[in-house]
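# Summary of the model geometry
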Amino acid sequence: MRKLLTIALLCSHAALFSQVNIIPQPVEVKMPKVAGQFVITKNTPIVLEGSGLENSANFLNDYLQQVYGFTLKVTDKSTPGGIHLNYEKMEYTYPGAYVLRSGKGQVYIAGDNEAGTFYGVQTLLQLLPVEKSASLKVPYIDIKDYPRFQYRGLMLDVSRHFFPISFVKKYIDYLAMHKMNYFHWHLTDDQGWRIEIKKYPKLTEVGGYRNGTIIGRYPGTGNDHQRYGGFYTQEEAKEIVAYAAKRYITVIPEIEMPGHASAALTAYPHLGCTGGPYQVQQTWGVFNDVFCAGNDTVFNFMQDVLDEVIPLFPAKYVHVGADECPKDSWKKCPKCQKRIKDHNLKDEHELQSYFIQRMEKYINGKGKTLVGWDEILEGGLAPNAVVMSWRGEAGGIEAAKQKHQVIMTPTTYVYFDYSQTKSEDSVTIGGFIPLQKVYGYEPIPKELTAEEGKYILGAQANLWTEYILYPSKVEYMIFPRATALSEVLWSPKEKRDWNSFEKRLQTQFKRYDLWGSSYSKAYFDLKASIAPTPNYDGSILYSLQTAAPNSKILYTLNGYDSKVSVYSKPLVVKMDDQIGAMLEVNGQQLSPVNQKFSFNKATGRKVSITTPTAENRRGNGGTFGLVNGAQSEKGILGDEWLGWQGPDMEAIIDLGKIQSISSVKVHLLDQQPSWVYLPEYVEVLVSEDGKNFQSTGKSNQAVKESHNMASITVPAAAKARYVKVFARNHGTIADGNPGAGSKAWLFVDEISVN
Ligand code: ACM
Ligand code: ZN
């Protein structure tokens with residue numbers, strides 16, 4: 001009897017729980033023994049039980065007005081009933097703790113501080129229905145919550161494309177609704193200076209506008225020749241700061257130095273090494289037009305700029321950029337070279353470090369802390385600097401080991417300008433960071449000890465806007481990935497659970513609709529994977545999957561023109577074939593995938609590598625991807641590629657039995673701007689027993705297969721069961737090329753044996 005009762009209770013709770021879809025997942029959620037609902041109508045009061053709670057009440061009312069079309073009366077009289085906002089002392093690591101109790105007659109929200117109550121209100125918003133209604137049912141619930149990380153941020157680049165104040169505010173609201181607390185405002189760059197500086201009016205008059213923009217993806221198909229630009233006045237910046245403050249969000253301004261300076265130099269050419277002429281850039285990338293590090297006028301200018309910027313932003317952090325500063329102009333500049341000599345600096349990296357350390361002294365003198373991208377590690381870190389680790393996690397790890405505070409923003413997980421779907425039909429900068437990858441991000445790198453881990457303040461996603469022209473595209477790029485990131489940053493690590501997130505996400509999608517916001521539906525994409533058969537018999541298994549509810553997967557073999565079947569289980573593919581598949585949802589056909597197979601003697605066979613790939617370049621299908629019969633047609637956007645940075649590749653394929661072969665072809669990526677080089681040569685060695693291998697020859701004759709892919713074929717007339725394929729890595733990248741001095745990447749996605 002007892003047992004049965006428990007089950008019955010659990011069931012009713014489970015039913016109620018389905019209404020509770022809070023993101024980020026709170027620390028503790030309890031449903032009361034007796035289920036019920038508190039109903040908010042336009043007669044429900046908001047009762048302020050303490051001072052300083054107006055921001056929370058106003059946000060709640062603004063939200064109710066915008067989404068449901070009514071507001072509530074706010075009172076400070078301690079009347080019973082209604083929505084009570086209050087304070088309560090709590091245990092927490094970082095500010096922002098709150099409790100929310102919804103029960104008979106009232107909703108009670110109490111924070112340990114103002115921000116805590118505000119976060120409690122954000123949770124309340126997520127307990128409201130996702131349909132418009134005049135009576136909003138809030139389930140009885142008991143929540144205790146606090147943040148895991150003290151820094152929870154999103155960045156917005158307003159230089160590459162400019163966004164109006166109204167949208168910047170909306171972006172800040174999005175942060176607030178995700179319990180984030182830092183808005184990083186990237187205000188200056190090569191393509192536009194966006195903040196008014198009264199002492200240097202040309203920064204915005206001249207530097208705020210460019211005379212055109214490339215069309216399409218870099219290098220582009222032309223230039224639109226349209227004057228483009230805009231800037232924020234100091235009054236507008238203050239307005240944004242005040243707006244954010246009411247949402248317990250700190251705005252961090254970024255003023256780029258010494259690189260990404262084209263717009264500033266166009267306005268004031270004497271600040272560059274050559275004196276110009278310069279232009280506000282019309283294309284994307286990294287430019288040699290940087291501030292002269294040998295000229296004291298530049299430092300005076302920078303100090304003047306900061307003298308005007310710092311009073312606008314009460315944040316303790318001032319971001320000085322410091323990323324991607326080419327050293328070419330410094331190498332040629334007598335003033336820069338004199339500075340190196342006078343200060344006994346080793347090279348231009350130390351000159352960059354000199355620049356940043358000198359600015360840090362000034363910033364520290366104003367009681368502020370300097371933040372810079374991880375290039376500030378090169379040539380020596382400024383003593384008190386906070387490092388934003390963007391080129392992967394390495395910079396953050398290094399900085400934490402040097403006992404510097406770190407904000408993690410790695411390209412590998414949180415660059416929201418990267419594509420989130422493989423069937424992206426708008427232009428993006430490339431890359432591939434799907435939702436689950438963001439959700440799986442752990443901001444404290446495992447390389448750090450517990451003590452070192454404490455230097456990780458938190459993380460932030462960056463939104464660079466080269467290919468983001470409008471607010472709706474901003475929303476599309478950040479949602480739902482920012483929602484996933486909010487859980488990474490707020491929820492206890494042990495509460496993070498992808499399956500649970502997926503369930504709550506379904507409601508979040510409805511919330512985006514309720515807000516009228518754009519978002520990506522890539523989560524529902526049809527996903528294909530290729531696996532070996534259990535005995536590696538020369539065929540492969542092709543599986544299709546989707547998270548889309550009420551959907552059917554349709555497929556055809558031999559291209560699109562043959563019979564259409566409904567997918568039910570993995571397809572066995574035995575020979576050259578072309579599979580076309582798509583989703584059918586409510587009669588609509590979506591998310592097409594198309595896979596061509598090119599079978600050869602290696603396809604579907606056992607393969608191993610003796611040279612481990614880079615950890616993040618293992619290929620989606622693992623090593624088997626080398627012989628899965630599917631050659632990437634997508635360059636680096638394809639996820640099949642196995643990559644080695646520095647090491648050679650050695651792969652061994654077991655053809656299953658001794659057979660006659662004639663040649664071996666290796667399919668390669670050739671994308672030098674991204675540090676990806678063809679191998680020096682490919683060598684094939686064959687064996688009948690897997691022990692004694694004999695070389696059949698080498699080749700470095702690459703045949704271009706597209707603008708960034710190539711293949712190398714090695715003659716291999718032999719009888720063999722085992723085929724060993726060796727590719728010699730290009731080695732160190734030569735001077736004058738992107739990535740000069742670093743180890744080159746070698747990328748391989750398919751090996752064919754004929
Ligand atoms: C950066 O993405 N250049 C910081
Ligand atoms: Zn110079």
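All residue numbers refer to positions counted from 1 along the written sequence of the respective chain. Starting at A for chains and at 1 for ligands, labels are handed out in the order in which the entities are written. Predicted model: local features are reported for residues with pLDDT of at least 70 only, side-chain atom pairs are reported and counted for 80 or more only, and whole-chain, interface and lining totals are derived from all residues. Derived side-chain values reflect all non-hydrogen atoms in the structure, with water molecules and hydrogen atoms excluded from consideration.

### Regarding unusual backbone geometry
- Looking along the chain, the bond that leaves Ile-23 and enters Pro-24 is cis, with omega of 0°.
- Starting at the N terminus, helices and strands are each numbered in turn, a helix being any DSSP run of H or I of at least four residues and a strand any DSSP run of E of at least two. Mapped onto the elements of the fold, Pro-24 is located in the loop between α1 (2-17) and β1 (28-30).
- Residue Ala-322 is not a glycine yet carries a positive backbone phi of 80°.
- With respect to the helices, strands and loops of the structure, Ala-322 is situated in the loop between β17 (317-321) and α9 (328-332).
- A positive phi is found at Lys-403, a non-glycine position, where the angle reads about 65°.
- Residue placement: Lys-403 occurs in the loop between α12 (394-401) and β20 (406-408).

### What to know about the side chain of Arg-152
- Tracing the chain through its elements places Arg-152 in strand β10 (residues 151-157).
- Buried within the structure, Arg-152 lacks any salt-bridge partner; its nearest side chain of opposite charge belongs to Asp-145, at an N-O separation of 9.6 Å.
- We define a polar contact as two N or O atoms separated by no more than 3.5 Å, with the added condition that, inside protein, one atom must be a possible hydrogen donor and the other a possible acceptor, whereas residues neighbouring each other in sequence contribute only through side-chain atom pairs. Among the polar contacts made by the side chain of Arg-152, one reaches the side chain of Tyr-119 at a distance of 3.0 Å.
- Beyond its immediate chain neighbours, meaning those up to four positions away, Arg-152 contacts Tyr-119, Pro-147, Lys-179, Met-180, Asn-181, Tyr-182, Ala-459, Leu-489 and Trp-490. Burial classes: relative accessible area under 20% of the type maximum marks a residue as buried, over 50% as exposed, and values in between as partly exposed (1.4 Å probe, protein chains only). The charge count includes Lys and Arg as positive and Asp and Glu as negative, but it does not include His or the ends of the chains. Throughout this description, the term salt bridge denotes a Lys or Arg side-chain nitrogen within 4 Å of a carboxyl oxygen of Asp or Glu. The contact definition used throughout considers only heavy atoms, calling two residues in contact when any of these lie within 4.5 Å.

### Regarding the pattern of salt bridges
- In the structure shown here, the tally under the stated rule is 31 salt bridges.
- Glu-239 is the partner of Lys-169 in a salt bridge, and the nearest nitrogen-oxygen pair spans 2.7 Å. Taken together, the residues Lys-169 in helix α4 (residues 165-177) and Glu-239 in helix α6 (residues 234-245) connect sequence positions 70 residues apart.
- The partner of Arg-728 in a salt bridge is Asp-648, with the nearest N and O atoms 2.7 Å apart. A residue pair is termed long-range when its members are at least 10 positions apart, and Arg-728 in the loop between β35 (709-727) and β36 (745-753) and Asp-648 in the loop between β30 (642-645) and β31 (649-669) qualify at 80 residues.
- On the basis of relative accessible area, Arg-728 is assigned to the partly exposed category, the value being 33%.
- With relative accessibility at 18%, the residue Asp-648 sits in the buried group.
- Several salt bridges converge on common partners, so that one network encompasses Asp-157, Arg-160, Asp-189 and Glu-466.

### Details of the sheet that holds strand β22 (residues 527-532)
- Here, strands pair whenever DSSP counts at least two bridges between them. Strand order in the open sheet formed by three strands is β22-β23-β26, and the pairing between neighbours is antiparallel. Every interior strand has two partners, whereas the edge strands, β22 and β26 (571-573), have only one. Strand-to-strand, the axes of this sheet are offset by a mean angle of 30°, without reference to chain direction.
- Of the strand pairs in this sheet, β22 and strand β23 (residues 540-545) are connected by six bridges, and their pairing is antiparallel. Counterpart to Ala-531 in the pairing with β23 is Leu-541. Working convention: axes come from line fits to C-alpha atoms, limited for helices to the stretch in contact. Angles between N-to-C directions cover 0 to 180 degrees.

### Details of the pairing of β36
- Of all the nine residues making up β36, nine are buried; the element is thus mostly covered by neighbouring parts of the structure.
- As paired elements, β30 and β36 share four bridges and run antiparallel to each other. Among the inter-strand pairings, Leu-642 is bridged to a residue of β36, identified as Val-748.
- The pairing of β31 with β36 spans five bridges and is antiparallel. Pairing of Leu-668 across the sheet is with Val-748, part of β36.

### What about the environment of Gly-259?
- Mapped onto the elements of the fold, Gly-259 is located in the loop between β16 (250-257) and α7 (262-267).
- A sequence separation of 67 residues divides Gly-259 from Pro-326, and the C-alpha atoms of the two residues are 7.2 Å apart.
- Those residues in contact with Gly-259 that sit more than four places away from it in its chain are Val-290 and Cys-325.

### What to know about helix α10 (residues 334-342)
- For α10, every residue scored as buried is listed here: Cys-336, Arg-339 and Ile-340. Down the axis, α10 shows its buried residues gathered within 100° of arc, on one side only. α10 presents Pro-334, Lys-338 and Lys-341 as exposed residues on the side facing more than 90 degrees away from its buried surface.
- Contacts made by the buried residues of α10 are with α8 (296-309), α9 and α11 (348-365).
- Just beyond α10, the residue with positive phi is Asn-344, at close to 55°. By construction, the arc corresponds to the directions joining the helix axis to the C-beta atoms.

### Quick notes on the sheet that holds strand β18 (residues 369-373)
- The strand order β10-β11-β16-β17-β18-β19-β20-β21 describes a closed barrel built from eight strands, whose pairing is parallel. Sheet twist, expressed as the average angle between the axes of neighbouring strands with direction ignored, equals 30°.
- Where β16 lies against β17, two bridges are found, and the strand directions are parallel. Each residue of the ladder has a partner; that of Glu-254, found in β17, is His-319.
- Sitting on the sheet, α12 touches β19 (386-389), β20 and β21 (456-461), and the angle it makes with β19 is about 155°.

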